There are 2 protein chains.
Amino acid sequence: MCSRLMAGSEMLLKALETTVDNQNISFIDAARSAGYAQEENDLRSVFLKKGSYAAFVELHIEQGPLLEEEGISVGIVTAIAAPASIKVDFKGGGGHAGAVLMPHRNDAGLAAAELALAVEKHVFDSGSIDTVGTVGILDLHPRAINSIPSKSHLEIDTRDIDEERRNKVIEKIHESAVSIAKKRGVRLAEFNIINQDPPALSDVSIIEAMKSASKELNLTHKLMISRAYHDSLFMARVSPMGMIFIPCFKGYSHRPEEFSLIEDISNGVKVLALTLAQLSLK
Amino acid sequence: MCSRLMAGSEMLLKALETTVDNQNISFIDAARSAGYAQEENDLRSVFLKKGSYAAFVELHIEQGPLLEEEGISVGIVTAIAAPASIKVDFKGGGGHAGAVLMPHRNDAGLAAAELALAVEKHVFDSGSIDTVGTVGILDLHPRAINSIPSKSHLEIDTRDIDEERRNKVIEKIHESAVSIAKKRGVRLAEFNIINQDPPALSDVSIIEAMKSASKELNLTHKLMISRAYHDSLFMARVSPMGMIFIPCFKGYSHRPEEFSLIEDISNGVKVLALTLAQLSLK
């Protein structure tokens, strides 16, 4: 959130200005009571001007299994895939699982099932290995074995390193949602694209600096795409950006098993330091 | 539950003997503390012998909209459709919605979506309007927008007035579950048929008695199938059975809007009384 705001997201700014917590305290009041923003009333004051930094370089665990599997010390990120999130609601007639015969149904749950499979199809149809799409949330209402679902709710995540290709997938998902609703006689009550961040490319001169730092330290390295997104995705909007990955255990991340060897952490810090040193000479 | 046990269900008997509530109190102990079963240790004592009753006749609201829509006073039930319930679990590899590329996925959620649509297909393929199938419950785990579902859970309800046809649908659903699991590289961790009651046919002489009672009372009537199930479904195992339906508001049932006109209730009671009187003369 911080980097998104620093990078000047008007949408986030607006959300922070109008959102309150469950004690009705606004973001800026919470910041003040924690000792921040004493002199400021405008969250815009944290926006960074383009050109404030000559380079932004981030060190991170890979959050994927490739470096560990291939026995490579350093990943040099060339692009960060960016997610778009979509919330979808279908509404149908519901009814009793025994009493309503098949021809009279408009089953919101089956509409959701069809859309989930359509997401997968459109992602495969993009033709690129870098396009992914996931339905991680699919809720039925009233959620009873003897009730035809009268409502369904899906949350869809699509990612790509190519913004246009990802947005085309979103468009096709929308077309499917409309045609499934029509076919099944349910209502597409919501199709809301929650966020749709553009992917980011690493800066060529920073990639070169990370490469030469790895070589100088005699560390094996490979060029990679970051599938997860990071502060760098947003910082790339205001500064040239680069990212360094180190191996981690089985790609585990944000769970108790997350682990990296002290040697790998040390390698990462060295590459970061040497990269910054090289960039500072430019 | 009561009629199922009275009709001699060994499966329910076993469940009641081994189930305890959240205070670790068994069914028979709860019955005793409520003043029942003082002399009995064996729940089998409530089993009815076949032939105990010459007829079992049940009066009920339709729980469907047909009588009201068609302006008919009395429904004479010729058959009760019976549900079978199935619980299904798929287990897959899960993973991060960004990090795991499409070819490496085994998405338990998409397996569930496919099975839900397969249920609908197999029901339509049965060729009879009396076959229905519903997926009322479909849960994903971990249920997060950025996580590929690692587990999914479905609860499926299928009903028919023809037991063989319904069981054939169940068989096909099972075949689909197996082949979907295979195709998607997920594990079919559970396919459990929870109950599979046979449908019941009303007794011909009771149908005739209900018809002639309606005629004698000058009430319009029609022959119907009960899509919901009732005590009569189980009582039919130990006694000739019949059911009388009366109209209800929009078919609403088990909700605050449930309503029948006093006139319709009165008509139903009269038909029941006259039917019993006629049967007692036989």
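Given the structure is predicted, the values throughout are model-derived calculations rather than measurements. (Residues numbered from 1 in each chain as written. Chains lettered and ligands numbered in written order. Predicted model: local features only at pLDDT ≥ 70, side-chain atom pairs only at ≥ 80, totals over all residues. Heavy atoms only, no water.)

*Asks:* So what about unusual backbone geometry? Which residues, and what values?
*Replies:* A cis geometry characterises the amide bond from His141(A) onward to Pro142(A), with omega recorded as 5°. Along the chain, Pro142(A) turns up in the loop between β4 (132-141) and β5 (151-160). At Arg143(A), a residue that is not glycine, the phi angle is positive and equals roughly 65°. Inspection of the secondary structure assignment puts Arg143(A) in the loop between β4 and β5. Here the phi dihedral of Gln63(B) falls at roughly 60°; this positive angle occurs in a residue that is not glycine. The class for Gln63(B) is buried, based on a relative accessible area of 13%. (Helix = DSSP H or I, 4+ residues; strand = E, 2+ residues; numbered from the N terminus. Buried < 20%, exposed > 50% of the residue type's maximum accessible area, 1.4 Å probe, protein only.)

*Asks:* Residue-level account of the domain arrangement of chain A, with values.
*Replies:* Residues and elements named next belong to chain A. Considered domain by domain, chain A is made up of domain 1 (1-47), domain 2 (48-81 + 199-282) and domain 3 (83-196). One C-alpha centre belongs to domain 1, the other to domain 2, and the line joining them spans 29 Å. On the side of domain 2, eight residues touch domain 1, which itself brings six residues to the contact. If you look at where domain 1 meets domain 2, you find three residue pairs in polar contact (both at pLDDT 80 or more). When its residues are assigned to classes, the side of domain 1 that touches domain 2 shows four nonpolar, one polar and one charged. (Domains from an automatic or database assignment. Contact = heavy atoms within 4.5 Å. Polar contact = N/O pair within 3.5 Å; in protein donor to acceptor, adjacent residues only side chain to side chain. Nonpolar A, V, L, I, M, F, W, Y, C, P; charged D, E, K, R; others polar.)

*Asks:* With reference to specific residues and values, describe helix α6 (residues 163-184) of chain A.
*Replies:* Under the 1.5 Å per step criterion, the end-to-end length of α6(A) is 31 Å for 22 residues, consistent within 8% with the ideal 32 Å. Buried within α6(A) are the following residues: Arg166(A), Val169(A), Ile170(A), Ile173(A), Ser176(A), Ala177(A), Ile180(A), Ala181(A) and Arg184(A). Seen along its axis, α6(A) keeps its buried residues to an arc of 130°; they face one direction. Exposed residues lying more than 90 degrees from the buried face of α6(A) are Glu164(A), Lys168(A), Glu171(A), Lys182(A) and Lys183(A). Buried positions along α6(A) lie against β3 (82-91), α5 (108-125), β5 and β6 (187-196) of chain A together with α5 (108-125) of chain B. Looking at where α6(A) begins, the residue whose side-chain oxygen comes 3.0 Å from the main-chain nitrogen of Glu164(A) is Asp162(A). Phi turns positive one or two residues past the end of α6(A), at Gly185(A), with a value near 65°. (Expected span 1.5 Å × (residues − 1). Arc of directions from axis to C-beta.)

*Asks:* Please set out the environment of Glu263(A) residue by residue, giving values where relevant.
*Replies:* Structurally, Glu263(A) can be placed in helix α9 (residues 262-280). Distance from Glu263(A) to Arg32(A), taken between C-alpha atoms, is 41 Å for residues 231 residues apart in sequence.

*Asks:* An account of the sheet that holds β3(A) is requested, with residue identities and associated values reported.
*Replies:* Residues and elements named next belong to chain A. Pairing in this open sheet of four strands is antiparallel, and the strands run β4-β5-β3-β6 from one edge to the other. Strand pairing shows two members of the sheet lacking a second neighbour, β4 and β6, which therefore form its edges. Each strand of the sheet is rotated relative to its neighbour by a mean of 15°, with strand direction disregarded. Both β4 and β5 contribute to a ladder of nine bridges, which runs antiparallel. Bridged to Ile137 within β5 is Glu155. (Pairing = 2+ DSSP bridges. Axes fitted to C-alpha atoms, helices over the stretch in contact; angles between N-to-C directions.)

*Asks:* So what's going on with the packing of helix α7 (residues 204-216) of chain B against helix α9 (residues 262-280) of chain B? Residues and values would help.
*Replies:* If you want to describe how two helices pack, look at the angle between their axes and the distance between the axes. Residue and element names in this part refer to chain B. Packing of α7 against α9 brings their axes to within 8 Å, and their N-to-C directions diverge by 125°. Accordingly, the angle class assigned to the pair α7 and α9 is oblique. You can see that α7 and α9 cross each other, and the crossing is right-handed. Between α7, through Ser205, Ile206, Ala209, Met210, Ser212, Ala213, Ser214 and Glu216, and α9, the contact on the second element is made entirely by Val271, Leu274, Thr275, Gln278 and Leu279. In terms of residue class, the contact of α7 with α9 is made up of seven nonpolar, five polar and one charged. (Parallel < 35°, antiparallel > 145°, perpendicular 65-115°, else oblique. Left-handed = near helix turned anticlockwise from the far one by under 90°.)

*Asks:* Tell me about the interface of chain A and chain B, and please be specific about residues and values.
*Replies:* The partner chain B presents 44 residues to the 44 residues of chain A that form the contact. The contact between chain A and chain B buries some 3800 Å² in all, and 68% of this surface belongs to carbon and sulfur atoms. Where chain A packs against chain B, one counts four salt bridges. The salt bridge partner of Asp139(B) is Arg143(A), with a shortest N-O separation of 2.5 Å. Here chain A is connected to chain B by eight residue pairs in polar contact (both at pLDDT 80 or more). (Buried area = accessible area lost by both parts, 1.4 Å probe. Salt bridge = Lys/Arg side-chain N within 4 Å of Asp/Glu carboxyl O.)

*Asks:* Could you give an account of the pattern of salt bridges, with specific residues and numbers?
*Replies:* When the charged atoms of two side chains with opposite charge come close together, those side chains can pair. All told, the structure shown has 30 salt bridges over all chains when counted by the stated rule. A salt bridge links Arg44(A) to Glu10(A); the shortest N-O distance between them is 2.9 Å. You can see Arg44(A) sitting in the loop between α3 (27-33) and β1 (56-61) and its partner Glu10(A) sitting in helix α2 (residues 10-18), a full 34 residues away along the chain. Look at Arg44(A) and you get partly exposed, because its relative accessible area is 38%. The salt bridge involving Lys183(B) is made with Glu114(B); its shortest N-O contact spans 2.8 Å. With a gap of 69 residues between them, Lys183(B) in helix α6 (residues 163-184) and Glu114(B) in helix α5 connect regions that are remote in the sequence. In this structure Glu114(B) comes out as buried when scored by relative accessible area, which is 17%. Residues participating in the shared-partner salt-bridge network are Glu114(A), Lys183(A), Arg184(A) and Glu120(B).

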